[in-house]
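# Topology and contacts: notes
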Amino acid sequence: MLLKYYDNAAPASFLLETLSDNLLDGKIIIIPTDTVYSICCDALNQQAIEDLAKLKGVDSKKTRFSILCSDLSQASEYARISNEAFKLIKDNTPGPFTFILPTISTLPKIYRGRKEVGIRIPRHELVQSLVRFYGRPLTGFSLPALSPELDEAYGFDPSLIHELYQDLVSVVVDGGRGGERVSAIVDCTAEPFEVVREGPEELMEA
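I will try to describe carefully the structure that is included in this document. (Residues numbered from 1 in each chain as written. Predicted model: local features only at pLDDT ≥ 70, side-chain atom pairs only at ≥ 80, totals over all residues. Heavy atoms only, no water.)

### Observations concerning helix α1 (residues 13–24)
- Across its twelve residues, α1 extends 16 Å between first and last C-alpha, which sits within 8% of the 16 Å expected from 1.5 Å per residue.
- If you check which residues of α1 are buried, you get L15, L16, T18, L19, S20, N22 and L23.
- The elements touched by buried residues of α1 are β1 (2–4), β2 (29–31), β3 (38–42), α5 (125–134), β7 (138–142) and β8 (171–174).
- Downstream of α1 by a residue or two, G26 has a phi angle that is positive, lying close to 80 degrees. (Helix = DSSP H or I, 4+ residues; strand = E, 2+ residues; numbered from the N terminus. Expected span 1.5 Å × (residues − 1). Buried < 20%, exposed > 50% of the residue type's maximum accessible area, 1.4 Å probe, protein only. Contact = heavy atoms within 4.5 Å.)

The following block contains the structure:
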């Protein structure tokens, strides 16, 4: 299914309801973010996460998943955030950053063998509205996810994304041309914090 989302506008109730219904059923969807498109599922549904990992061809027990949250308050439910990390994340979110943080016990079993989890609070109205409407965070991979050798356009061109993934996911949301760079990654598990991958924006130091 291909659904249209018009950027910079409040998502229609039908769109949020359709995406939420699919997520609740453990389905995989593709949505635009403030960077490239993301292939994602319910971050608290273990079977959906395993299906997503299988689709990408990775071991779910060895892969680091990032959790997409609507705000810092929600993020604090799924990661241990020190005072310094809290200040840094607050100053840089919403935005194109993934913060690596220590895990906490409220995460599903699939996360518990890991000491770290990525937290993303994208600067994108659809992502934030969907997570708030659905009431649970999402997890996923940046596109192109199936094959690293694919042309980069499969990460930001919705027509190419739909062409490639339409038979593999339940919904693709066409939100127009996406960004061409993935998020920066900031390791906040030890001080001093370290930018381990540059992204489209500079990190504002706390």
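### As for the pairing of strand β9 (residues 184–187)
- With four bridges connecting them, strand β5 (residues 97–102) and β9 associate as parallel partners. Considered in β9, the bridge of F97 is made with A184.
- Here β9 runs beside strand β10 (residues 194–197); their pairing, made up of three bridges, is antiparallel. Looking across to β10, one finds that I185 is bridged to R197. (Pairing = 2+ DSSP bridges.)

### Observations regarding the pattern of salt bridges
- Counting across every chain of the model gives seven salt bridges.
- Between R120 and D34 there is a salt bridge, with its nearest N and O atoms 2.8 Å apart. Of this pair, R120 sits in strand β6 (residues 116–120) while D34 is found in the loop between β2 and β3, placing the two residues 86 residues apart along the sequence.
- Judged by its relative accessible area of 6%, R120 falls in the buried class.
- Salt-bridge contacts for D42 lead to R136; the nearest nitrogen and oxygen are separated by 2.8 Å. Remark: R136 occurs in the loop between α5 and β7 and D42 occurs in strand β3; sequence separation between them is 94 residues. (Salt bridge = Lys/Arg side-chain N within 4 Å of Asp/Glu carboxyl O.)

### A short note on the nonpolar core
- Membership of the largest hydrophobic core comes to 40 residues, with the highest contact counts inside it found for I30, I39, I67, F99, L101 and Y111.
- Taken together, the elements giving at least two residues each to this core come down to β3, α2 (46–56), α3 (72–75), α4 (83–92), β5, β6, α6 (158–165) and β9.
- The biggest single contributor to this core is α2, with four residues.
- Discounting residues that sit within four places of it in the chain, Y111 has contacts with A43, I49, F65, I67, V117 and T139.
- In this structure, L15, C40, L126 and L138 belong to the second largest nonpolar core, which totals 18 residues. (Core = buried A, V, L, I, M, F, W, Y, C linked by side-chain atoms within 4.5 Å.)

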